[in-house]
Every structure is written in C-alpha cells, then in structure tokens.
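Structural characterization, general
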Number of protein chains: 2
Amino acid sequence: MQRTLVELLAQKRDGEELPAPEIRRLVEAFSRGEFADYQMSAFLMATYFRGLSDGETVALTLAMLHSGKVLDLRSIAGLKVDKHSTGGVGDKVSICLAPLVAACGVRVPMVSGRGLGHTGGTLDKLESIPGFRTDLPVTEFTKIVDEVGTCLIGQTAEIAPADKRIYALRDVTATVESIPLIVASILSKKLAEGIDGLVLDVKVGRGAFMKDHASARALAEALVRVGTQAGKKVVALLTGMDTPLGHAVGNAIETREAIEVLHGRGPSDLAEITLALGSEMLVIGRVYASLDRAREELQRAIEDGRGVRVLERMIEAQHGDPSVASEPAKLSIAQETIDVKANRSGVVVHADALEIGRTAVAMGAGRTRADQPVDHAVGLEVLKKPGDSVKAGDTLARLYVHDRAGGESCAARVEGAYGIADTAPAAGPLVLERLT
Amino acid sequence: MQRTLVELLAQKRDGEELPAPEIRRLVEAFSRGEFADYQMSAFLMATYFRGLSDGETVALTLAMLHSGKVLDLRSIAGLKVDKHSTGGVGDKVSICLAPLVAACGVRVPMVSGRGLGHTGGTLDKLESIPGFRTDLPVTEFTKIVDEVGTCLIGQTAEIAPADKRIYALRDVTATVESIPLIVASILSKKLAEGIDGLVLDVKVGRGAFMKDHASARALAEALVRVGTQAGKKVVALLTGMDTPLGHAVGNAIETREAIEVLHGRGPSDLAEITLALGSEMLVIGRVYASLDRAREELQRAIEDGRGVRVLERMIEAQHGDPSVASEPAKLSIAQETIDVKANRSGVVVHADALEIGRTAVAMGAGRTRADQPVDHAVGLEVLKKPGDSVKAGDTLARLYVHDRAGGESCAARVEGAYGIADTAPAAGPLVLERLT
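What you are looking at is a predicted structure, and each value in this text was computed from that prediction instead of being measured.

**Considering the overall build of chain A**
Summing up its helical and strand segments, chain A has 16 helices and 13 strands in all. Expected size for 436 residues packed as a compact globule is a radius of gyration near 22 Å; at 22 Å, chain A falls within 12% of this value. Seen through its principal axes, chain A has C-alpha atoms that stretch 75 × 45 × 40 Å. Counting the 436 residues in chain A, one finds 58% classified as buried. Per element, the accessible surface of chain A, about 16600 Å² overall, is 49% carbon and sulfur.

So this is what it looks like as structure tokens:
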C-alpha cells in the first residue's frame, strides 16, 4: 500500500532516505495543493535536521525543475554554459562575463535573480540601463541566446514554480541554511535553462552566505556532485567575499563598472574573477581545451572590443539603450557625493562587505522585502581596499546620494566598516579553491 | 531590538532556550494570524528535534491556556481536581470516577475528548445516554460542577483555542510524538478548567500511545514536573494497556459497564483503577489525608449508592435520561451478536488492545477522521482476558452488531487478537508505577 504523504514526512523526520519517486510525489502533491504549505515547511525543517542524500537531492532538484517549463536549446548549435554565484557584495560579474564568454563562442542562457538582504541582484543592476527588460518570454529569450549569444532574464512563473514557492517558505521558516535545499534550489532553476554545463562561484567570507571556508566548500562539493549526477558538467570556484568585489556597490554604478571591464578598464579583482570563471565556461563549452588558452582568448575579446559588441547587441535585443555599452558614463548615478575619510594613517586591513552591503540597502539600492522597489541611482565606491596604504584624511569611499544630509548616517556606517592598522594583512588569493 | 518571529524560530532550531515571554509572543502572534500555520509547523518540527526545557513547556502551556477562557471556580468551595488519561481501549473510567469522587466531597470539572484512531472518547460514550449533552456553555458547566459536584463536557471553542489549532497541525505534520508538545497540549486544556490538582493516568502498552515503560515514564515525569511548575498538585499513575480495560469496548456498552462499577458490579480491573485514581484525587483535594482512608470512602460511596445518585443528577443536569444511572440495561446496544470462540484449550496469553480497538473502529464505534459520526450501539465484550483458562469452543469475546454477515470479518480480527498457550503469563500489576 502506498504510504501517505504524512508518513513520508515522518520517514524523513526519522532520518530514513526517501526513494526518488516518493520525493517526486511530495513535490507534485505540493504543486497541486494536496501537500499543504504547513506540511512542506515541516518537511523542510525535518530536512534541515536530517539532511538529504545526494540521491534525494537530485530527485528534489529534478522534481522542482519539472514543476515548470524546461527550455530546449538543442536547436542552437554548440554547448550552452551558464554561471551562478551564491551572492556577494559588489558582485556584478554576470554583466561582463556573459557577453565576453558569448563573444568567444559559448552561448550563455542566464536566468538571474534580484537583490535581497545585503546582496544586490543582477536584474536590478541591468534595469538601470534605460529601457532594459528582464521579463522577456521564454521564446524571445531562446531567440536572443541563439542570435546574440547570451540573454539575461528573471525567473518567470514558468521556470521551476515549485522552487519559487518552496524558497518563499524557507525564507520565513528558518530553513534557508540547509545545503541540500540550497543545492536543489540553485540547480533546479539553472537546469531549467537547458544548459549543458555550469560554473559556480561559491563566495566565502563576511559578505557571503557561507561565512567560513569549510561550509562554503561543503556547499560547492554538493553542488558539483549533485549537478554532475543530474547529467551536467559542473565546476565550482571558491572565491573570497570579505571585501566587496571591485569598487562599485549599487545598481547603475555596478553596471558601469562591469562595462568598464569589457573595455579593459575594470578593477583588477573584478577582471580577474571574470577571466577565471569565463575560462572555465569556455573549457566546459569545449571551445578551448585548456584554461590558459581560454583566458588568452577572453583577453583578446576585451582588447578587440568583441565583448562590448555582444553586450551592445544584447542590450538592444532586450529593449535597452545600446549606447551605454560604449559610453557607460551615460548611466544615471546620483549627483550628490559624500566622501568617507580615513581618520588615521596606516594600511587598510578590512572593508567589511556585510556592513557595506547593508549600508547600500539602507541607502535604497537594495531591498529587505521582496516587494520593495530599488533606487538604481544611489550607491557607493569602495576606493580603498585591504592592503592599500592611506594617510589620515584620504578618501576611503564615496557615497552617491540624492540628499547629502540624509546620507550622513550611511557615511558613518561605511566609515565603521573600515579598519586601518599599522601593518598590512596577508593578502589571500582571489580564487581560494577549484572543485570539479 | 526585539527579535523577529523568524529569528525566534531559528533560535529554537539551533537548540537555544527561548525565554517565556518569547514563547508567549509566538503563540499570541499565531493566535492573531501573524505567525502563520507554515511557520508554526516549522517551529513544531524544530521542537520535535530540539525538545523544550521544562520552563519553555510551562510557558507554552500557559500561552495556549491563555489563548482562551480560563474558568474561575474559586467561588465554589473546596479544591477542584480532575483526572486525565492518555488514552486506551475500553477506558471508560471517567464516567464512574467523576461521580464517585464528587460523591466523596471533591468537585470534578472535567473537559473530555472524542475518540480518534483506535481509542474511544468519553464524550462519545456519554452521548449514548438519550438526550445527554456535552456541548454546554461554560456558565452552565460551572453551575453544574457547583451544584452536582461534577460535569463532563467537550473542549469548546473558548477553551485553549491555540492548542486546538496546534494539535490539528501536529496531526498532519508528523509532530504528534513530542513529549513537551503532548504535555503542553494536555495541561493547557486541563488548566483551563480552573482546577487545583490533576491525577494522570498514563497508559503503557500495545493499546496505548506510549508503547514502552520508559517512554511512558518520561511522559508522566514531564507532566508531573511541568504541572507542578504551573502551580498545580499533580500525581501520575502508570497503568497497563496491553489488554482492553474491563470487558466492554464501544460506546453504550462501555457506559453501561462504567455505571455497573458504581453499583459494585463492575469488572475488577476497571473498579481497581477507578479506586486507585479516585483515592489520589481525594487526597489531592484534601478531603482525606491517606490513600487508604480515601479508598475506603470511595468503596462506601459505591455500597451506599451515593456514586450512582451523583451520576443520576449529573445526567439530569446535562439533559440526559437519568434513569439509566439505576437501570444501565436501558442503554441501547445492537441486538445481533457474534461469538468469537477459542480454537484450542489453554490459557489466554494476550488479547491485543490495539487490534481490538481498531476492530471496534471498523465496526463503527470509533472514527478515523475527526468529522466522522460514531455508532453508539455497536461494540464488543472481551470476555476472556490474559490469565483466564479456556477450553476449545469457549466464547472469548462477543460482538454486538446490526448485521451478522457484515460483522464476520470483525469477529475474525478479534479472534486474531487473541493468543492462547499452554501456560499462563506472569500477571503484572495494574498500576505499574506512581509518580509525584
């Protein structure tokens, strides 16, 4: 006799492994409304405590994936590869990476997210480009990926709707921090894009979801194992997120900085992570056999302007003003500035990504509830970063605000996020580890 | 800054103890709809894994208690004492116990439950008395307790409504089996009666919620500790529930048997448990200083008919036909009978309470869903019990049905519930342990 859904829930509670068809049955019943929200949240909490095996995680991923539409990009030649970041402060990599990789011959269908909490979202940043639309239907998305090489849209109601509902539940039931649930959520959305491979940027540190190396590695390993079992080629890089990536934190200001990378003028850390992730994507996409060869090609695509041209075409295809690709200074950034000054001389030892990210949210660049609008124009620049020598009175950071008086408390928070000491900290590598 | 409700949930998930005001805040928010069902079920599952301290359990009990009306019986002289059983098969003790204890001078305000699963419910049994009402308003309940000495009603919407909603959630989220949640649920309802003391009958065995002595003792200990911390005088008896209590299993048939106890004609095990629980209630109610003295008084109240007279007045006050108190044979029991015969000679070694209880449900005496009606007339008598010698062909049990042909499969199940062997099992005591 078939077990009832409550019996399956009790089985998970007791630490027994659920067979894949039973996991599928739970998710399907949830989609139909037969397994209620309050039952799913109990299942999520039981999973928080008991974990899921890789087999269960694959089953959950596939069940959530098949709760919606799965794109079929087989008609488009070549392998399709995407990148996913677990989220950090100043992480605008997708905006320069996707066009650059597409310019080198691998198509990048990318479904991105919005900012929530202290991290920003690629969609919010892109929408600072006048006219740019991220809500394209799946048919148009597919066409743009085919013709331009890349397209960046938001998770539509068609893509993994069960994941969307489960994620909303996790957010309000203290069940976000569960590695198998994170893995299934990420992979169900990414697999819905019809990709052949995926490069993961798993962030570690103060400004990341995973604060320490061990838990970030555990997440990265699970993502690689489960993604591979689901039939995809997956590589994960662990990258540092104690300090914001690049200088810019905000929406228009981050988009501008990402475009600068395509012009060869971006900050070195941002450019370096773009090249590291991009070369993995080109190798997974079988365009180049070695990471070194792939990196050379990416650099050439910056130098000869191919990356900028793909971005230009993508913006145009997505109904935005394509001229910002060659003239990023056209992006509208708030006119008033407040400079945060060093109160002593020495070496910057930290510029806390978490506190800076939270300050950007407080300025209006992010949101604390999913239904809040964001202000695309406000933001800040982290001008001095750990390892930089400063003199008392030097500008550490610059805030871009509409109203100077109102921004002073935010400036004070940014100042508090800085630490200056007599000696420089040991500089760690940008890419901490590579997992395949 | 006050923690958010989700933060409190995360705190419990992480095994931190929640201060009493925070538990109260959660339950109050749940009552107002600000802490949703899906959040409460996640909290319940986290509690299943992490447990609750006694302090947290007291706080949860009081918060659920104060979600509704708490009776104020202080205007009624003397201490008010109730009894609660964790549920068994054939457990009709309340029906004879409450009038008997009231007859000896301790008032017994009793809010009882309905049958669910394999165990019956006192309200269903009492409703087999023509006209008897268990849905009296709180004012009438109080008046009857004062004037008659005892009254038995159901949990109204006014009594511990938060417990009622939480219990319904637990039932469908695999979170029933949590000792602190069981304790808070029982005590919140009982404390709402305005009692000074409580005697608990914690059942152990095949037909009980707690199958083994250790878990039953853990539940009993928690009930006594938490009830005492909540300011009540509490005693718990652990009693065996491998075999149905008394002979009768059903509704009218159990009521009839309970009334027989008040006439001094009840089965010895049922009479013994009634006296054991009743003497605890009289001592807690400070009417007698010793259990022996209290027991003598209870026996006298049986012999001189005081118990029957209180029952009669209670039935009358609750709109039922009072003549059944002196003539229990008037209760309407199904006319057709099926006898279950011994298929060999020997000694009965078991008469499985769980299987017999389930069979009674299948006959129509109980329910598997809360909204099902019950048939008051059907039932069965467990005529031979463990330790009884039988000859092949002797009647082990008798079913009372409306339709003999339809009852045959139930008779076969009852036969299967019996075990007969060559030698008698070691007879255990009825009361296994006493905890204060």
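**Re helix H3 (residues 37–50) of chain A**
For H3(A), which comprises 14 residues, the first-to-last C-alpha distance of 20 Å matches the rise-based estimate of 20 Å (1.5 Å per residue) to within 8%. Looking at H3(A), one finds that the buried residues are A:Gln39, A:Met40, A:Ser41, A:Ala42, A:Phe43, A:Leu44, A:Met45, A:Ala46 and A:Thr47. Looking at the packing, one finds that the buried side of H3(A) touches helix H1 (5–13), helix H2 (20–32), helix H8 (161–171) and helix H9 (179–191) of chain A together with helix H1 (5–13) and helix H3 (37–50) of chain B.

**Considerations on the sheet that holds strand E10 (residues 389–390) of chain B**
All names here are of chain B. The three strands are arranged E10-E8-E12 in an open sheet whose pairing can be described as antiparallel. Edge positions in the sheet fall to E10 and strand E12 (418–421), since each of these pairs with one other strand and no more. Pairing of strand E8 (residues 346–351) with E10 involves two bridges; the strand directions are antiparallel. Across the sheet, residue Val347 finds its bridge partner in E10, namely Ser389. The strands touched by helix H16 (residues 404–417) within the sheet are E8 and E12, with E12 carrying the most contacts at an inclination of about 45°.

**Description of the pattern of salt bridges**
Enumeration over the complete set of coordinates arrives at 74 salt bridges over all chains. Here A:Asp269 makes a salt bridge to A:Lys385, at a shortest N to O gap of 2.7 Å. Of this pair, A:Asp269 sits in helix H12 (residues 268–284) while A:Lys385 sits in the loop between strand E9 (379–382) and strand E10 (389–390), and the two are 116 residues apart along the sequence. With respect to burial, A:Asp269 and A:Lys385 carry one shared label: buried. The closest approach of N and O atoms between B:Glu355 and B:Arg413, which form a salt bridge, is 2.9 Å. One end of the pair, B:Glu355, is in helix H15 (residues 353–363); the other, B:Arg413, is in helix H16, and 58 residues separate them in sequence. With relative accessibility at 30%, the residue B:Arg413 sits in the partly exposed group. A single network of salt bridges, built from pairs that share partners, joins A:Arg114, A:Asp124, A:Glu127 and A:Arg367.

**Focus on the interface of chain B and chain A**
Each partner contributes to the interface: chain B provides 22 residues, whereas chain A provides 22 residues. Of the roughly 1700 Å² buried between chain B and chain A on both sides combined, carbon and sulfur atoms contribute 72%. On the chain B side of the contact with chain A, B:Arg13, B:Tyr38 and B:Phe49 bury the most area, a combined 37% of that side's loss. Counting across the interface, chain B meets chain A through two salt bridges. Close ionic contact of A:Arg13 with B:Glu177 constitutes a salt bridge, the shortest N to O distance being 3.2 Å. Taken together, the connections running from chain B to chain A amount to eleven residue pairs in polar contact (both at pLDDT 80 or more). Mapped by element, the contributors of at least two residues to the side of chain B that touches chain A are H1, H3 and helix H8 (161–171) of chain B. In terms of residues, the side of chain B that touches chain A owes the most to one element, H3(B), which gives ten residues. Partitioning the side of chain B that touches chain A into residue classes produces twelve nonpolar, four polar and six charged.

**Some remarks on the relation of the copies chain B and chain A**
Mapping chain B onto chain A leaves a residual RMSD of 0.1 Å; the transformation is a rotation of 178° accompanied by 0.0 Å of translation along its axis. A rotation of that kind, with that shift, is consistent with a two-fold axis. When each C-alpha of chain B is compared by its distance to the rotation axis, B:Tyr38 comes out closest, at 2.0 Å. Most of the interface of chain B is mirrored in chain A: 100% of its interface residues are interface residues there too.

**Overview of the environment of A:Glu316**
By secondary structure assignment, the location of A:Glu316 is in helix H14 (residues 306–317). Sequence separation of A:Glu316 and A:Arg133 is 183 residues, and the distance between their C-alpha atoms is 9.9 Å.

**A look at the domain arrangement of chain A**
All names here are of chain A. Under the domain assignment, chain A is made up of domain 1 (5–51), domain 2 (81–329) and domain 3 (333–421). Centre-to-centre separation of domain 2 and domain 3, based on C-alpha positions: 24 Å. Facing 26 residues of domain 2, the contacting portion of domain 3 comprises 27 residues. Here domain 2 meets domain 3 over a buried area of about 2000 Å², counting both sides, of which 58% is carbon and sulfur. Arg256 is the partner of Glu381 in a salt bridge, and the nearest nitrogen-oxygen pair spans 3.8 Å. Elements that contribute at least two residues to the side of domain 2 that touches domain 3 include exactly strand E6 (248–250) and helix H11 (252–262).

**Thoughts on the side chain of B:Asp201**
Residues and elements named next belong to chain B. Note that Asp201 resides in strand E4 (residues 197–204). Judged by relative accessible area, Asp201 falls into the buried class, the value being 0%. Within the structure, the side chain of Asp201 is placed 2.9 Å from the side chain of Lys203, a separation counted as a polar contact. If sequence neighbours within four positions are ignored, Asp201 has contacts with Lys83, His84, Ser85, Thr86, Asp91, Leu237, Thr239, Ile273 and Leu277.

**With respect to unusual backbone geometry**
We note that A:Arg286 has phi near 60°; this positive angle belongs to a residue other than glycine. Position of A:Arg286 relative to the elements: it lies in the loop between H12 and helix H13 (291–303). Overall, A:Arg286 belongs to the exposed group, its relative accessible area being 68%. Although it is not a glycine, B:Ala174 adopts a positive phi angle of roughly 55°. Position of B:Ala174 among the secondary structure elements: in the loop between H8 and helix H9 (179–191).

**Here's the deal with helix H7 (residues 138–148) of chain B**
Residues and elements named next belong to chain B. Among the residues of H7, those classed as buried are Val138, Phe141, Thr142, Ile144, Val145 and Val148. The buried residues of H7 occupy one face: seen down the axis, they fall within an arc of 165°. Those residues of H7 that are exposed and angled more than 90 degrees off the buried face are Thr139 and Lys143. Buried residues belonging to H7 abut strand E2 (108–112), strand E3 (150–154) and helix H14 (306–317).

**So, the packing of aromatic side chains**
Applying the stated criterion across every chain yields a total of three aromatic pairs over all chains. Where A:Tyr48 meets A:Phe49, the ring centres are 5.6 Å apart and the plane angle is 80°; that geometry is what we call edge-to-face. Clustering of aromatic rings is evident, with ring pairs tying together A:Tyr48, A:Phe49, B:Tyr48 and B:Phe49. Taking the ring centre of A:Phe30 as reference, the NZ or CZ of A:Arg165 above it sits at 3.8 Å.

**With respect to the pairing of strand E8 (residues 346–351) of chain A**
As paired strands, E8(A) and strand E12 (residues 418–421) of chain A are joined by four bridges and run antiparallel to one another. In the sheet register, A:Ala351 faces E12(A), and the bridge partner there is A:Tyr418.

**Observations regarding the confidence of the model for chain A**
Per-chain confidence: chain A averages 94 in pLDDT, with 100% of residues scoring 70 or above. Scored as a whole, the predicted complex attains pTM 0.87, and scored at its interfaces, ipTM 0.85.

**Thoughts on the packing of H7(B) against H14(B)**
Residue and element names in this part refer to chain B. Running from N to C, H7 and H14 cross one another at 155°; their axes reach a closest spacing of 10 Å. Accordingly, the angle class assigned to the pair H7 and H14 is roughly antiparallel. Along this stretch, H7 crosses H14, giving a crossing that reads as right-handed. Residues Glu140, Ile144, Glu147 and Val148 of H7 pack against Val310, Arg313, Met314 and Ala317 of H14.

**Observations regarding the pairing of E2(B)**
All names here are of chain B. Counting buried positions along E2 gives five out of five residues, so the element sits mostly inside the fold. On E2, burial covers both faces: Val108, Met110 and Ser112 on one face and Pro109 and Val111 on the other are all buried. Pairing of E2 with E3 involves five bridges; the strand directions are parallel. Across the sheet, residue Val111 finds its bridge partner in E3, namely Ile153.

Cut-off values and rules
Residue numbers here run from 1 along each chain, matching the order of that chain's written sequence. Chains and ligands are labelled by the order in which they are written, letters from A for the one and numbers from 1 for the other. Local features are withheld for residues below a pLDDT of 70 in this predicted model, meaning they are given only at 70 or higher, and side-chain atom pairs are given and counted only at 80 or more; totals for whole chains, interfaces and linings count all residues. To get the side-chain values, all heavy atoms of the structure are used, and hydrogens and water are removed first. Each helix is a run of H or I in the DSSP string that is no shorter than four residues. Each strand is a run of E no shorter than two, and both are numbered from the N terminus. The globule rule used for comparison is 2.2 Å times the number of residues to the exponent 0.38, while the radius of gyration itself is calculated over C-alpha atoms. Burial classes: relative accessible area under 20% of the type maximum marks a residue as buried, over 50% as exposed, and values in between as partly exposed (1.4 Å probe, protein chains only). In these tables, accessible area is a Shrake-Rupley quantity obtained with a 1.4 Å probe, and a residue counts as shielded only by the protein chains included in the view. By this rule the span expected of a helix is its residue count minus one, scaled by 1.5 Å. Pairs of residues are marked as contacts when any of their non-hydrogen atoms sit within 4.5 Å. Only when DSSP finds a minimum of two bridges between them are two strands counted as paired. For helices, the fitted line uses only the C-alpha atoms of the stretch in contact; every axis is such a line through C-alpha atoms, and the angle between N-to-C directions lies from 0 to 180 degrees. Any Lys or Arg side-chain nitrogen located within 4 Å of an Asp or Glu carboxyl oxygen qualifies as a salt bridge. Computed with a 1.4 Å rolling probe, the buried area is the accessible surface lost when two parts are put together, summed over both parts. Any pair of N or O atoms that falls within 3.5 Å is considered a polar contact. Within protein, one atom must be able to donate a hydrogen and the other to accept it, and sequence-neighbouring residues count only if both atoms are side-chain atoms. Residues are grouped as follows: Ala, Val, Leu, Ile, Met, Phe, Trp, Tyr, Cys and Pro are nonpolar; Asp, Glu, Lys and Arg are charged; every other residue, Gly included, is polar. In superposing the copies, a least-squares fit is computed on C-alpha atoms, taking residues whose pLDDT is at least 70 in both. Each domain's extent was defined by an automatic or database domain assignment. The arc in question is traced by the directions running from the helix axis to the C-beta atoms. Side-chain rings of Phe, Tyr and Trp (the six-membered ring for Trp) are treated as a pair once their centres are within 6.5 Å; stacked means planes under 30 degrees apart, edge-to-face means over 60, and tilted covers the remaining angles. Lysine and arginine charges are scored as sitting over a ring when NZ or CZ, respectively, is within 6 Å of the ring centre and within 35 degrees of the ring normal. Every residue gets a pLDDT, meaning the predictor's confidence in that residue, from 0 to 100. Should an angle lie under 35 degrees it is considered roughly parallel, over 145 roughly antiparallel, and from 65 to 115 roughly perpendicular; all remaining angles are considered oblique. Note: crossing handedness is left-handed where the near helix turns anticlockwise from the far helix by less than a right angle, and right-handed where it turns clockwise.

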